[in-house]
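Take a look at the letters that make up each chain.
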Amino acid sequence: MLLIRCPYCQTERPEVEFVYAGEAHVGRPVDPAALTDDEWKNFLFIRSNARGTHFERWRHMHGCGRFFNAVRDTISDQFAMTYKAGQPRPTEIEIKEARS
């Protein structure tokens, strides 16, 4: 079982308390009505699906109920770090420090 640290509750909890909410830091269109059908499709459905370090949104559904971001290695399924929603994407140095 994976343990995920909620940055709001400041505790590690089992993964069954959390819900995956998609890729983090996805740029939202300023004027969605101006997008073509293909551009709208790409915004809604096309994601990077990176191998290795991946930035994700999660929700602590059975805890505080808040959304937060996580850095997870998709190969090992290990969480490097979590951080509050709205904070900028961490740098490579910050991710390496969190893994140590």
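Structure first, text after, so check above.
A brief report on the enclosed structure follows. (Residues numbered from 1 in each chain as written. Predicted model: local features only at pLDDT ≥ 70, side-chain atom pairs only at ≥ 80, totals over all residues. Heavy atoms only, no water.)

**Focus on the overall build of the protein chain**
- Tallying secondary structure elements over the protein chain gives two helices and six strands in all.
- Counting from the amino terminus, helix and strand elements in the protein chain follow one another as β-β-β-α-β-β-β-α.
- Across its three principal axes, the protein chain shows a C-alpha extent of roughly 45 × 30 × 25 Å.
- Summarising the internal contacts of the protein chain: among those between residues at least 6 apart in sequence, 45% fall at separations of at least 24.
- Roughly 6800 Å² of accessible area belongs to the protein chain as shown, and the carbon and sulfur atoms make up 50% of that amount.
- Averaged over its 14 positive side-chain charges, the protein chain has a centre that lies 5 Å from the centre of its 14 negative ones. (Helix = DSSP H or I, 4+ residues; strand = E, 2+ residues; numbered from the N terminus. Contact = heavy atoms within 4.5 Å. Areas by Shrake-Rupley, 256 points an atom, 1.4 Å probe, with all protein chains shown as cover. Lys, Arg positive; Asp, Glu negative; His and termini not counted. Charge placed at Lys NZ, Arg CZ, Asp CG, Glu CD.)

**Focus on unusual backbone geometry**
- Even without being a glycine, His25 presents a positive backbone phi close to 60°.
- Structurally, His25 is set in the loop between β3 (19-23) and α1 (37-45).
- Backbone geometry places Asp77, a non-glycine residue, at a positive phi of 65°.
- Structurally, the position occupied by Asp77 is in the loop between β5 (67-73) and β6 (78-84).
- A relative accessible area of 32% means that Asp77 is categorised as partly exposed. (Buried < 20%, exposed > 50% of the residue type's maximum accessible area, 1.4 Å probe, protein only.)

**Focus: the packing of aromatic side chains**
- All told, the structure shown has four aromatic pairs when counted by the stated rule.
- With a centroid separation of 5.5 Å and 35° between ring planes, the pair formed by Trp40 and Phe43 is classed as tilted. Of this pair, Trp40 and Phe43 both sit in helix α1, three residues apart, which is roughly one turn of that helix.
- Residue Phe43 is classed as buried on the basis of its relative accessible area, which comes to 18%.
- An aromatic cluster is defined as three or more aromatic residues linked by ring pairs; in this entry it consists of Tyr20, Trp58 and Phe79.
- Of note, Arg66 hangs over the ring of Tyr8, and the distance from its end group to the ring centre comes to 3.9 Å. (Phe/Tyr/Trp six-rings, centres within 6.5 Å; stacked < 30°, edge-to-face > 60°. Lys NZ or Arg CZ within 6 Å of the ring centre and 35° of its normal.)

**What about the environment of Asn69?**
- Tracing the sequence through the fold places Asn69 in strand β5.
- Placed 63 residues apart in sequence, Asn69 and Cys6 show a C-alpha to C-alpha distance of 9.3 Å.
- Residues contacting Asn69, with those up to four places away along its chain left out, are Ala24, His25, Glu56, Arg57, Thr82, Tyr83, Lys84, Ala85, Gly86 and Gln87.

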